[in-house]
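# Notes for the structure review
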Amino acid sequence: MEEGTLKSPTHCADTGDDYDAFQWDTREDCEVRQILDRIADKWSLLVIALLDRSSMRFTELRREIDGVSQRMLTVTLRQLERDGLVERTVHPVVPPRVDYALTPLGRTLHETVRSLVAWTEAHQREIAAARAVYDARVG
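Summary of the structure given here.

Analysis parameters
Residues numbered from 1 in each chain as written. Predicted model: local features only at pLDDT ≥ 70, side-chain atom pairs only at ≥ 80, totals over all residues. Heavy atoms only, no water. Helix = DSSP H or I, 4+ residues; strand = E, 2+ residues; numbered from the N terminus. Buried < 20%, exposed > 50% of the residue type's maximum accessible area, 1.4 Å probe, protein only. Contact = heavy atoms within 4.5 Å. Areas by Shrake-Rupley, 256 points an atom, 1.4 Å probe, with all protein chains shown as cover. Polar contact = N/O pair within 3.5 Å; in protein donor to acceptor, adjacent residues only side chain to side chain. Axes fitted to C-alpha atoms, helices over the stretch in contact; angles between N-to-C directions. Parallel < 35°, antiparallel > 145°, perpendicular 65-115°, else oblique. Nonpolar A, V, L, I, M, F, W, Y, C, P; charged D, E, K, R; others polar. Salt bridge = Lys/Arg side-chain N within 4 Å of Asp/Glu carboxyl O. Core = buried A, V, L, I, M, F, W, Y, C linked by side-chain atoms within 4.5 Å. Bend = angle between axes of the 7 residues up to and from the residue.

### Notes on the overall build of the protein
Along the protein, the regular secondary structure elements total five helices and three strands. In the protein, the succession of α and β elements from N to C terminus is α-α-β-α-α-β-β-α. Within the protein, the proportion of its 139 residues that are buried is 23%. The long-range fraction of contacts in the protein, counting pairs at least 24 apart against all pairs at least 6 apart in sequence, stands at 37%. On the protein, roughly 10300 Å² of surface is accessible, and the fraction owed to carbon and sulfur atoms is 52%.

### Comments concerning helix 2 (residues 42-53)
Along helix 2, the residues classified as buried are Trp43, Ser44, Val47, Ile48, Leu50 and Leu51. With a side-chain oxygen lying 2.9 Å from the backbone nitrogen of Trp43, the N-terminal cap of helix 2 falls on Asp41.

### So, the packing of helix 2 against helix 4 (residues 70-82)
Relative to each other, helix 2 and helix 4 sit at 70°, their axes nearing to 10 Å. It follows from the interaxial angle that helix 2 and helix 4 lie roughly perpendicular. Across from Trp43, Ser44, Val47 and Ile48 in helix 2, the residues of helix 4 making contact are Met72, Leu73, Thr76, Leu77 and Leu80. Tallied by class, residues from the contact of helix 2 with helix 4 come to seven nonpolar, two polar and no charged.

### Examining the pattern of salt bridges
One pass over the structure, following the stated rule, counts three salt bridges. The closest approach of N and O atoms between Arg38 and Asp83, which form a salt bridge, is 2.8 Å. One end of the pair, Arg38, is in helix 1 (residues 31-39); the other, Asp83, is in the loop between helix 4 and strand 2 (86-91), with 45 residues separating them in the sequence. Residue Asp52 is joined to Arg114 by a salt bridge in which the shortest nitrogen-to-oxygen separation is 3.8 Å. Taken together, the positions of Asp52 in helix 2 and Arg114 in helix 5 (residues 104-138) put the pair 62 residues apart, joining distant regions of the chain. Judged by relative accessible area, Asp52 falls into the partly exposed class, the value being 32%.

### A short note on the nonpolar core
Membership of the largest hydrophobic core comes to 21 residues, with the highest contact counts inside it found for Leu51, Leu61, Leu73, Leu77 and Tyr100. Of the residues forming this core, the biggest block, five residues, is contributed by helix 2. Those residues in contact with Leu61 that lie beyond four places of it in its chain are Leu50, Leu51, Met56, Leu73, Leu77 and Tyr100.

### Concerning unusual backbone geometry
Here the amide bond leading from Val94 into Pro95 is cis, since omega sits at -5°, within 30 degrees of zero. By the secondary structure assignment, Pro95 is in the loop between strand 2 and strand 3 (97-102).

### Focus: helix 5
Of all the bends found along helix 5, the most pronounced is centred on His123 and spans about 60°. When we look at burial in helix 5, the residues that qualify are Gly106, Leu109, His110 and Val113. Against helix 1, helix 2 and strand 3 lie the buried residues of helix 5.

Structural data, given as C-alpha cells:
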C-alpha cells in the first residue's frame, strides 16, 4: 500500500498503547469516532447502566430515565441494537411485549461504564472544587 493511503474509507489509525489521541479523530467518517459518539451519549450510557441489572420493557426504561423523550429513547435503543450492544425480543402475546437486554458485547461495555462512574464518584468533590475556583475566577 502506498504511503499516505488508507486501508478503507472507514479505517482509522491504530489505537494501541502509544496512540496519538487526535490520530483517530481526524476524519468525519472514522468508525472509532462514530462509536465513541454513540456510546458516550448520555442516553446510551443510562440505557446500558439500566440494562445491566436485567432486561426491561420500553416503558420501564422511559420511566427510569428522567427527561428522555419517547422518540429519543426509541432512537437510542435502535442505535444500540444496530451496534450489537442491545438485543430486542418481541414476545408473541397480545398486546405485544418487547424486552430489551444487553448482549454479551454490551455487558463488556458496561464494565467500562461502571469504571467511569466509579471514577466520577471518587473525584466528584475535586471536580466541584475546581469548578468553584474556575467560576469565581471567570464569573
